[in-house]
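Per-entry structural report
Chain residues, written in single-letter form:
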Number of protein chains: 2
Amino acid sequence: MTRFVTIAAGQLGPIARTESRTEVVTRLMALMREAKACGCDLIVYPELALTTFFPRWYFEDQAEIDSFFEREMPGPETRALFDLGRELGLGFCLGYAELAVEDGIVRRYNTSILVDKSGAIVARYRKVHLPGHAEHEPWRKFQHLEKRYFEPGRGFGVVDAFGGVMGMAICNDRRWSETYRVMGLQGVEMLMIGYNTPVHNPPAPEHDDLSLFHNHLVMQAGAYQNGTFVVGVAKAGVEEGVDHIGGSCVIAPSGEIIARCTTKGDEIALARCDLDLCNSYKRTTFNFDVHRQPQAYGMIVERKGVTTMADGTAASRKG
Amino acid sequence: MTRFVTIAAGQLGPIARTESRTEVVTRLMALMREAKACGCDLIVYPELALTTFFPRWYFEDQAEIDSFFEREMPGPETRALFDLGRELGLGFCLGYAELAVEDGIVRRYNTSILVDKSGAIVARYRKVHLPGHAEHEPWRKFQHLEKRYFEPGRGFGVVDAFGGVMGMAICNDRRWSETYRVMGLQGVEMLMIGYNTPVHNPPAPEHDDLSLFHNHLVMQAGAYQNGTFVVGVAKAGVEEGVDHIGGSCVIAPSGEIIARCTTKGDEIALARCDLDLCNSYKRTTFNFDVHRQPQAYGMIVERKGVTTMADGTAASRKG
């Protein structure tokens, strides 16, 4: 059997702080038209794709922070994107900062949505693994205040769409094997991941030259170990003085990179993905029913951080 | 700070079915002397390093099966290895088939032990993820009857030895992200993994040309995502008509391969590993206490196999 989804990784170059949403949406729409001209069913955009990556700054004024958030989706400036998608019959996955009111309480999430070919939102995901820090740390060359500006989402779901089982994750989620496994356990066949990843990580600058390698390593392993396609999409290049990795790519269930961007600007990378290729992994090496051993995995949920033998809880010998 | 462990990945070429344990131990001792001459503290040998990889055959006679197992460790034929290790002041990690009697019941495990420089066994690990199948499947070019001949071990522990936190896993364990994470949560700094991996996988021959890529991918990701060294050691080459991958290697906490074998015979690959390099990952990107979100990982222990939306249990939208 074959079940093809033709996909575009819709990479964006930098978005200036002064750039309006309308200007950004114009760029998104240009990529959308390119994707449609190449026969795509779906285009995946980066994390926080409507504005500059604002967690790099410390703001005290909540109104200034909230200026980067969307109160409705689609809203006045994003409706054109939904309209064009529907007109072209092209789905999309879009990351943005979401301001939601739940039971009268204002909540802020780092969110992705999946929109089908009719322009309907069919799934929403809120980032679980917020990286960075919650307090202003002036020693850093730039901030990474996601833990201040967002609250974490509750979990990882999947949705039946585009003829397959689709999942979403955002940026730092991709470094955590649990992200892939929780969706793997729901049968995910295509996992869409937007990211904004500075080349320079202030707490560990010794790894800066490995940023791109790590980006691909974690997504390739997650794809293989769960028998799923992974689409990783960057906001790339030098944005407000901070250089971000590119390397947007489509990864097959084999773990192989089958398409990738090579610029750090607005660019699409294309892949015709046969979702049925997932089966040759899901039914053999990674047939979870046959091979997983959950009784040995308890610590993964029972503890958050490391407990060492010095803490007196780990066995020094294991039978 | 620096805490160096100089390590040898002690790869073995094929072991013929007719080869005696004494002959194999002679080969192991030769590698041990080479490792010592290169200043090593520790040599890591493959999975089931004392005999040919017997699960490739279907045997009905339990006595014939048991001829591949060790009833004591060290035993008459393996004592020389322990003696030489003690004489040289060289530790080793060794895989073998273990026949144990527990509460009067005979149990069979696929086991690794870690032996310190004094010749004392300081840790024992029994393989959790047994691959293959339990019944004879004559359609296969060769069998992989680990699920028939062994029972699974209970879990993954670590041990304080060689100046660091050491862990062990065996072969198929390395494909499962949970293996690394459970030991990562115990602070593992060096994870030793022996393997016997045929190039050809009868249920999924379409991936045969990726066997070596997958081998490295999973170990590199496991190293990086847990900030640990990984030492992967093959029994390599054409053994009793079955070709096995080599690719024995040492992987840094960065995920980079820092040493590897290039033959498919008896060969050592060397690396001087500073265990303190683990910290720059464990304290930043992979500071579990700060960044993990166990409340979102429940499925990893709550279910063994895939449950899809068609089964009616997964949410079609996730908030």
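As the structure is a prediction and not an experimental result, all values here were calculated from the model.

Of the regular secondary structure elements, chain A holds nine helices and 14 strands. Radius of gyration (C-alpha) of chain A: 20 Å, near the 20 Å computed for a compact globule of 319 residues. On the principal axes, the C-alpha backbone points of chain A span a range of 60 × 55 × 45 Å. The buried share of chain A, reckoned over its 319 residues, is 66%. Pairs at least 24 apart in sequence give 70% of the contacts found in chain A among residues at least 6 apart. Here chain A has roughly 10,900 Å² of accessible surface; of this, 50% comes from carbon and sulfur atoms. Charge separation in chain A, taken as the distance between the mean sites of 35 positive and 40 negative side-chain charges, equals 4 Å.

Here we take up helix 3 (residues 79–88) of chain A. All names here are of chain A. Residues of helix 3 that are buried include every one of Leu-81, Phe-82, Leu-84, Gly-85 and Leu-88, and no others. The arc that holds every buried residue of helix 3, seen down its axis, measures 165°, which confines them to one face. Positive backbone phi, at 70°, marks Gly-89, one or two positions downstream of helix 3.

All names here are of chain A. Relative to the helices and strands, Gly-119 resides in the loop between strand 4 (105–115) and strand 5 (121–126). Remark: the alpha-carbon pair of Gly-119 and Leu-84, spanning 35 residues in sequence, is separated by 8.5 Å. Ignoring any residue separated from it by four or fewer positions in sequence, one finds Gly-119 in contact with Phe-82 and Arg-86.

This brings us to the relation of the copies chain B and chain A. With an RMSD of 0.0 Å, the operation that places chain B on chain A is a rotation of 180° combined with a shift of 0.0 Å along the axis. The transformation just described matches what one would write down for a two-fold rotation axis. When the interface residues of chain B are mapped onto chain A, 100% of them are again interface residues, pointing to one common binding face.

The next subject is the state of the cysteines. All names here are of chain B. One pass over the structure, following the stated rule, counts zero disulfides over all chains. Counting only cysteine sulfurs, Cys-38 is the nearest neighbor of Cys-40, a cysteine outside any disulfide, at a range of 6.0 Å. Judged by its relative accessible area of 2%, Cys-40 is buried.

On to the packing of helix 5 (residues 177–184) of chain A against helix 5 (residues 177–184) of chain B, then. Running from N to C, helix 5 of chain A and helix 5 of chain B cross one another at 135°; their axes reach a closest spacing of 11 Å. When the axis of helix 5 of chain A is compared with that of helix 5 of chain B, the two are oblique. The two elements helix 5 of chain A and helix 5 of chain B cross, and the hand of that crossing is left-handed. In contact with Ser177(A), Glu178(A) and Arg181(A) of helix 5 of chain A, helix 5 of chain B contributes Ser177(B), Glu178(B) and Arg181(B). When its residues are assigned to classes, the contact of helix 5 of chain A with helix 5 of chain B shows no nonpolar, two polar and four charged.

So, about the side chain of Thr78(A). Residue and element names in this part refer to chain A. Residue position: Thr-78 is located in the loop between helix 2 (62–66) and helix 3. For Thr-78, the side chain forms a polar contact with the main-chain nitrogen of Gly-75, separated by 2.7 Å. For Thr-78, the contacting residues outside a window of four places in its chain are Val-25, Leu-50 and Met-73.

What follows deals with the UniProt feature "domain: CN hydrolase" (unreviewed entry) in chain A. According to UniProt, the feature "domain: CN hydrolase" (unreviewed entry) maps to residues 5–277 of chain A in the numbering used here. With 22% helix and 30% strand, residues 5–277 of chain A has its two end C-alpha atoms placed 12 Å apart.

Residue and element names in this part refer to chain B. On the basis of which strands lie adjacent, the open sheet formed by six strands has the order 5-4-3-2-1-14 and mixed pairing. A strand with exactly one partner marks an edge of an open sheet, and here the two such strands are strand 5 (121–126) and strand 14 (267–274). Across the sheet, the mean angle separating the axes of adjacent strands is 35° when strand polarity is ignored. Of the pairings in the sheet, the one linking strand 1 (residues 4–11) to strand 14 comprises eight bridges and is antiparallel in character. Bridge pairing in strand 14 links Phe-4 to Asp-274. Seen against the sheet, helix 1 (residues 21–37) touches strand 1, strand 2 (42–44), strand 3 (91–102) and strand 14 and runs at an angle of roughly 40° to strand 14. Strands strand 3, strand 4 (105–115) and strand 5 of the sheet are contacted by helix 3 (residues 79–88), whose axis makes an angle of about 145° with strand 3.

On to the interface of chain B and chain A. Between chain B and chain A, the residue contacts involve 78 residues of the former and 78 residues of the latter. Carbon and sulfur atoms make up 60% of the surface buried where chain B meets chain A, a total of about 7,400 Å² over both sides. Here chain B and chain A share four salt bridges between them. One salt bridge in this structure joins Arg292(B) and Glu178(A), with 3.0 Å as the shortest N-O distance. Looking at the side of chain B that touches chain A, the element that brings in the most residues is helix 6 (residues 211–226) of chain B, giving eight residues.

Turning our eyes to something else, we now look at the environment of Gly237(A). Along the chain, Gly237(A) turns up in strand 10 (residues 237–239). Setting aside residues no more than four positions away along its own chain, Gly237(A) makes contact with Pro14(A), Val242(A), Asp243(A), His244(A) and Lys264(A).

The next thing to look at is the sheet that holds strand 8 (residues 190–195) of chain B. Residue and element names in this part refer to chain B. The six strands are arranged 6-7-8-9-12-13 in an open sheet whose pairing can be described as mixed. Whereas interior strands pair on both sides, the edge strands pair on one side only; in this sheet they are strand 6 (158–161) and strand 13 (257–260). On average, each strand axis in the sheet is inclined to that of its neighbour by 20°, with strand direction left out of account. For strand 9 (residues 229–234) and strand 12 (residues 249–251), the ladder comprises three bridges, and the chain directions are antiparallel. Across the sheet, the residue bridging to Val-231 is Val-250, located in strand 12.

Residues and elements named next belong to chain A. According to the stated counting rule, one finds 48 salt bridges over all chains in the structure shown. For Asp-83, the salt bridge identified is with Arg-86, shortest N-O distance 3.0 Å. Note that Asp-83 and Arg-86 are positioned in helix 3 at a spacing of three residues, about one turn of the helix. For Asp-83, a relative accessible area of 32% puts it in the partly exposed group. Among the residues examined, Arg-86 registers a relative accessible area of 45% and is labelled partly exposed. Where salt bridges share partners, they join Glu-98, Glu-102, Arg-107, Arg-124, Arg-126, Glu-151 and Arg-154 into one cluster.

Reading the values: rules and limits
- Residues numbered from 1 in each chain as written.
- Chains lettered and ligands numbered in written order.
- Predicted model: local features only at pLDDT ≥ 70, side-chain atom pairs only at ≥ 80, totals over all residues.
- Heavy atoms only, no water.
- Helix = DSSP H or I, 4+ residues; strand = E, 2+ residues; numbered from the N terminus.
- Rg over C-alpha atoms; globule rule 2.2 N^0.38 Å.
- Buried < 20%, exposed > 50% of the residue type's maximum accessible area, 1.4 Å probe, protein only.
- Contact = heavy atoms within 4.5 Å.
- Areas by Shrake-Rupley, 256 points an atom, 1.4 Å probe, with all protein chains shown as cover.
- Lys, Arg positive; Asp, Glu negative; His and termini not counted.
- Charge placed at Lys NZ, Arg CZ, Asp CG, Glu CD.
- Arc of directions from axis to C-beta.
- Least-squares fit on C-alpha atoms with pLDDT ≥ 70 in both.
- Disulfide = S-S within 2.5 Å.
- Axes fitted to C-alpha atoms, helices over the stretch in contact; angles between N-to-C directions.
- Parallel < 35°, antiparallel > 145°, perpendicular 65-115°, else oblique.
- Left-handed = near helix turned anticlockwise from the far one by under 90°.
- Nonpolar A, V, L, I, M, F, W, Y, C, P; charged D, E, K, R; others polar.
- Polar contact = N/O pair within 3.5 Å; in protein donor to acceptor, adjacent residues only side chain to side chain.
- UniProt positions renumbered as here; feature names shortened; annotations may be inferred.
- Pairing = 2+ DSSP bridges.
- Buried area = accessible area lost by both parts, 1.4 Å probe.
- Salt bridge = Lys/Arg side-chain N within 4 Å of Asp/Glu carboxyl O.

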